[in-house]
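# Commentary on secondary and tertiary structure
Next come the chains, spelled out residue by residue.
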Amino acid sequence: MAARIVVIGSANTDLVARVPSFPAPGESKMADEFHITPGGKGANQAVAAVRAGADVTFVGRLGDDDFGRRRLDELRCAGVDCTYVRLTHNTHSGVALIAIEPSGENLIVVAPGANMCVSERDVTEARNALAGADCLLLQLEIPHETVYHALRVARKEGVTTILNPAPAPSEPLPDDVWPHIDYLTPNQTEMAALTSDLNAPDAESAARALLARGVGAVIMTLGAHGARCLTPDMDEVVPAFEVEAVDTVGAGDAFAAGLGCALAEGRPLLEAVRFANAAAALSVTGSGAQESMPERHEIEELLAS
Ligand code: RIB
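Presented here is a report on the structure given in the accompanying data block.

Basis of the calculations
- Residues numbered from 1 in each chain as written.
- Predicted model: local features only at pLDDT ≥ 70, side-chain atom pairs only at ≥ 80, totals over all residues.
- Heavy atoms only, no water.
- Pairing = 2+ DSSP bridges.
- Helix = DSSP H or I, 4+ residues; strand = E, 2+ residues; numbered from the N terminus.
- Contact = heavy atoms within 4.5 Å.
- Axes fitted to C-alpha atoms, helices over the stretch in contact; angles between N-to-C directions.
- Near = heavy atom within 4 Å.
- Polar contact = N/O pair within 3.5 Å; in protein donor to acceptor, adjacent residues only side chain to side chain.
- Areas by Shrake-Rupley, 256 points an atom, 1.4 Å probe, with all protein chains shown as cover.
- 1 Å grid on protein atoms, 1.4 Å probe; cavity = no way out; pocket = protein on both sides within 12 Å on 5 of 7 lines; lining within 4 Å.
- Sits in = over half its atoms within 2 Å of the grid points.
- Nonpolar A, V, L, I, M, F, W, Y, C, P; charged D, E, K, R; others polar.
- Buried < 20%, exposed > 50% of the residue type's maximum accessible area, 1.4 Å probe, protein only.
- Core = buried A, V, L, I, M, F, W, Y, C linked by side-chain atoms within 4.5 Å.
- Parallel < 35°, antiparallel > 145°, perpendicular 65-115°, else oblique.
- Left-handed = near helix turned anticlockwise from the far one by under 90°.
- Salt bridge = Lys/Arg side-chain N within 4 Å of Asp/Glu carboxyl O.
- Expected span 1.5 Å × (residues − 1).

### Digging into the sheet that holds strand β11 (residues 217-221)
Across the sheet, which stays open at both edges, the 9 strands sit in the order β5-β4-β1-β8-β9-β10-β11-β12-β13 with mixed pairing between neighbours. The open sheet has two edge strands, β5 (81-88) and β13 (234-238), and neither has a second partner. In terms of strand pairing, strand β12 (residues 227-231) meets β13 through 5 bridges, oriented antiparallel. In the strand pairing of β13, Ala227 is matched with Val238. Contacts from helix α1 (residues 41-51) reach β1 (4-8), β4 (55-63) and β8 (135-138) within the one sheet, and its direction differs from that of β4 by about 155 degrees. Those strands touched by helix α9 (residues 269-283) are β10 (183-184), β11, β12 and β13, and its axis lies near 25 degrees from that of β13.

Here is the structure:
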């Protein structure tokens, strides 16, 4: 049976310009190419999880505008259950302004709009879906109070939780929230933000401090270097797959979704991280956050190679 995953998070329209190099503050740059593509960390993870083989329910908000209706149609066409996606009046759909350099590196500015209306009530309304899930995927592109509420509800329902703490928060999470996170997947910037209240001399001490606060496992994503998994009794780096990156937007989302699917299917942690690394690697070989999310057979082929 397919893994059942609930994603609570953001849905955006990505306005993507390919630039020869990033503009400096105050500078204008001419772009070589421009595309409008579906994005948003929550929606990206929902689509990635469907392609990786899961049954996925998405909880989120879009504006009642052209972008919103298109994004909702696309999510449905991708096979995501959108029963708990609401079109919201009085605000615009979330938009991300993205610049991409030839190396694949990106800069992103998000105007969240309707994403900031994803509420604790939305989570409560989706409680039945959550109760039947194997895994809950969360990010930080919606109100943080909603994320904390979802973590508490998931814990009561016995659902495995994964928090992808992106974008990096301006301050650490409340103390009582940490024990509700089974798997935390920060990159280096996010790790520094999450532990800014600690005097941790390095990433390992910072991760150990989060484990001491109650997080089940910290999986630090290291880009081309793979992912470092720390639990109270493990510290292992799972190497990345070597690929040629054309667009790294959504790689963290592919990783989180891959991890969620593999864990929900019962794979052991290091095997699940390898699966997530494969999903992330494949996602950077194509353009567009959602469009480049790999299908299950592609992930399996890379794992077998
Ligand atoms: O994680 C990538 C996503 O971040 C993009 O799709 C963009 O919408 C921003 O939310």
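Picking up after the structure, the text goes on.
### Some remarks on the site of the ligand
Around the ligand sit Asn12, Asp14, Gly39, Gly40, Lys41, Asn44, Ala96, Glu141, Val249, Gly250, Asp253 and Ala289, and those are all the residues in its vicinity. Residue Asp14 places a side-chain N or O atom 2.6 Å away from an oxygen atom belonging to the ligand. Contact between the ligand and Glu141: an oxygen atom at 2.6 Å from a side-chain N or O atom of the residue. For the ligand, whose accessible area on its own is 280 Å², the fraction buried by protein is 96%. Its atoms largely coinciding with the cavity grid, the ligand occupies the largest pocket. Listed by contribution, the elements that provide at least two residues to the shell around the ligand are β2 (12-18) and α1. Residue composition of the shell around the ligand, grouped by class: 3 nonpolar, 5 polar and 4 charged.

### What to know about the pairing of β8
The alternating pattern of β8 places Cys135 and Leu137 and Leu136 and Leu138 on opposite faces, both of which are buried. Pairing of β1 with β8 involves 4 bridges; the strand directions are parallel. Bridge assignment links Val7 to a residue of β8, and that residue is Leu137. Pairing geometry for β8 and strand β9 (residues 160-163), over 4 bridges, is parallel. Among the inter-strand pairings, Leu138 is bridged to a residue of β9, identified as Leu163.

### Some thoughts on the pairing of strand β7 (residues 106-111)
Summarising the sheet, strand β6 (residues 94-100) and β7 pair through 6 bridges and their orientation is antiparallel. Counted as the bridge partner of Ala99 is Leu107 from β7. Connecting β6 to the antiparallel partner β7 that follows it, the hairpin turn spans 5 residues, and Gly104 within it adopts a positive phi of roughly 100 degrees.

### Quick notes on the nonpolar core
With 51 residues, the main nonpolar core has Ile5, Val56, Phe58, Val80, Ile219, Leu259 and Val273 as its most contacted residues. Looking at this core, the element that brings in the most residues is α9, giving 10 residues. In this structure, Ile219 is in contact with Tyr183, Leu184, Thr185, Pro186, Ala227, Arg228, Cys229, Phe255, Leu259, Leu269 and Val273, ignoring residues within four places of it in sequence. Counting 35 residues, the second-largest nonpolar core is a separate cluster that includes Leu130, Ala150, Leu184 and Leu210.

### A word on the packing of α9 against helix α10 (residues 296-304)
Remark: α9 packs on α10, axes separated minimally by 9 Å, with the N-to-C direction vectors making an angle of 110 degrees. Judged by the inter-axis angle, α9 sits roughly perpendicular to α10. Crossing hand, α9 versus α10: right-handed. Between α9, through Arg274, Phe275, Ala278, Ala279, Ala281 and Leu282, and α10, the contact on the second element is made entirely by Arg296, Glu298, Ile299, Glu300, Leu302 and Leu303. Its residues assigned to classes, the contact of α9 with α10 comprises 8 nonpolar, no polar and 4 charged.

### Examining the pattern of salt bridges
Counted according to the given criterion, the structure contains 22 salt bridges. Between Arg121 and Glu125 there is a salt bridge; the shortest N-O distance is 3.5 Å. In this pair, Arg121 and Glu125 are both assigned in helix α3 (residues 120-125), 4 residues apart and thus about one turn of the helix distant. A salt bridge links Asp176 to Arg152; the shortest N-O distance between them is 3.0 Å.

### Details of the side chain of Thr13
Of note, Thr13 is situated in strand β2. Beyond its immediate chain neighbours, meaning those up to four positions away, Thr13 contacts Ile36, Thr37, Phe67, Arg71, Gly94, Val95 and Ala96.

### What to know about helix α5 (residues 144-157)
The end-to-end C-alpha distance of α5 is 20 Å, a good match for the 20 Å that 14 residues give at a rise of 1.5 Å each. Elements in contact with the buried residues of α5: β1, α3, α4 (127-131), β8 and β9.

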